[in-house]
Amino acid sequence: MVKKNACVFISGKGTNLKNLILRSRDNSFPINIKLVITNKKNANGIIIAKKNLIPFVVVNTQIKNFDTHILQILKKNKISIICLAGYMKIISKNLIKKFGKKIINIHPSLLPKFKGLNTFSRVLKNNEKKTGCTVHYVDEKIDNGHIISQKFFYVNSNDDEKTLKQKTQILEHQAFPEAIIKIFRKN
Ligand code: GRF
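Figured I'd write up the structure that's included with this text. Per-chain numbering applies: the sequence of each chain, read as written, is numbered from 1 onward. In keeping with the predicted nature of the model, local features appear solely for residues at pLDDT of at least 70, side-chain atom pairs appear and are counted solely at 80 or more, and the whole-chain, interface and lining totals rest on all residues. The basis for every side-chain value is the complete set of heavy atoms in the structure, and neither hydrogens nor water enter the calculation.

1. A word on unusual backbone geometry
Next up, step 1: Between Leu111 and Pro112 the backbone carries a cis peptide bond, its omega angle lying at 10°.
Next up, step 2: Relative to the helices and strands, Pro112 resides in the loop between strand 5 (102–107) and helix 5 (119–125).
Next up, step 3: Non-glycine residue Asn65 carries a positive phi angle of around 65°.
Next up, step 4: Numbering of helices and strands starts at the N terminus; helices are DSSP runs of H or I of at least 4 residues and strands are runs of E of at least 2. Among the secondary structure elements, Asn65 is positioned in the loop between strand 3 (56–58) and helix 3 (66–76).
Next up, step 5: Using a relative accessible area of 54% as the deciding quantity, one classes Asn65 as exposed.
Next up, step 6: The phi torsion at Phe114 lies on the positive side, around 55°, for a residue other than glycine.
Next up, step 7: With respect to the helices and strands, Phe114 occurs in the loop between strand 5 and helix 5.
Next up, step 8: In this structure Phe114 comes out as buried when scored by relative accessible area, which is 12%. Burial status follows relative accessibility: with a 1.4 Å probe on protein chains alone, a residue under 20% of its type maximum counts as buried, one over 50% as exposed, and anything between as partly exposed.

Encoded structure:
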């Protein structure tokens, strides 16, 4: 099996990155994590990339044309898929169009519910019976593209934001690799 080169975009802790790196060590997993891109020079995910000898690039999203810079890096590394794993920047229309390949994102809610930030507090405020995570293709609108997979759990009366996050992340670590397997199985 010829693995596709993937680039994981992160801004924070990088637990999904770590999980994808571990999964990609399996010969039958369709992607190889070739590169990590971050907009945060202090992101914990960089430590994970370093530990696993995965090259990383810190991009300065304040500079004009940073998209073009990102595109060049992606091209140079022959990247076939971008996995957004807690990347706290909006992917521009231009980048989506010019990259022209798969871009997927993981979001901590059952989309289309609770797009955007602060999902756990909104889940609690809304007295949701269940919540979970979604892996979806990225389009021009935030947390909007075609859904690849979702996983859910039932909210308990004693759940708070912290426990919802913990439970959601356990599901994310299953959903993201499963979605990647699913999209490459189709093609
Ligand atoms: C995840 O909860 C994901 O759904 C959201 O950002 C978080 C990233 O977590 N988009 P981590 O950095 O992978 O731990």
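2. Concerning the pattern of salt bridges
Next up, step 1: One side-chain nitrogen of Lys or Arg within 4 Å of one carboxyl oxygen of Asp or Glu is enough to make a salt bridge. In the structure shown here, the tally under the stated rule is 3 salt bridges.
Next up, step 2: One salt bridge connects Lys151 with Glu178, and the closest N-O pair in it is separated by 3.1 Å. Of this pair, Lys151 sits in strand 7 (residues 147–154) while Glu178 sits in helix 6 (residues 161–186), and the two are 27 residues apart along the sequence.
Next up, step 3: Take Glu178: its relative accessible area is 41%, and that puts it in the partly exposed class.
Next up, step 4: A salt bridge links Asp159 to Lys167, with the nearest nitrogen and oxygen atoms 2.9 Å apart.
Next up, step 5: Exposure remark for Asp159: the relative accessible area of 9% places this residue in the buried category.
Next up, step 6: A relative accessible area of 28% means that Lys167 is categorised as partly exposed.

3. A word on the nonpolar core
Next up, step 1: Definition of nonpolar core: a set of buried residues of the types Ala, Val, Leu, Ile, Met, Phe, Trp, Tyr and Cys, connected through side-chain atoms within 4.5 Å. Ile31, Ile33, Cys83, Ile104, Phe176 and Ile180 are the most contacted members of the largest nonpolar core, which totals 36 residues.
Next up, step 2: If you tally residues by element for this core, the top one is helix 6, at 8 residues.
Next up, step 3: Apart from the residues within four sequence positions on either side, Ile104 is in contact with Ile81, Ile82, Cys83, Leu84, Val135, His136, Tyr137, Val138, Ile148, Phe176, Ile180 and Ile183.
Next up, step 4: Core analysis: the second largest hydrophobic core is formed by 20 residues, Val59, Ile91, Leu95 and Val138 among them. Contact definition: two residues touch when any of their heavy atoms are within 4.5 Å.

4. Details of the state of the cysteines
Next up, step 1: In this description, a disulfide is simply a cysteine sulfur pair whose atoms lie within 2.5 Å. Scanning the model with the defined rule gives 0 disulfides in all.
Next up, step 2: Note on Cys83: no disulfide assigned, nearest cysteine sulfur contributed by Cys7 at a separation of 8.5 Å.
Next up, step 3: For Cys83, a relative accessible area of 0% gives the class buried.
Next up, step 4: Of the cysteine sulfurs around Cys133, a residue in no disulfide, the closest is that of Cys83, at 14 Å.

5. A closer look at the pairing of strand 6 (residues 130–137)
Next up, step 1: The buried fraction of strand 6 is high, at 6 of 8 residues.
Next up, step 2: Should DSSP find at least two bridges between two strands, the strands are regarded as paired. Bridging between strand 5 and strand 6 involves 4 bridges; their strand directions are antiparallel. Residue pairing across strands places Ile106 opposite Val135, the latter belonging to strand 6.
Next up, step 3: Relative to strand 7, strand 6 runs antiparallel, the two sharing 7 bridges. Within the sheet, the bridge partner assigned to His136 lies in strand 7 and is Ile147.

Without other data, these values stay purely geometric and don't point to any function.
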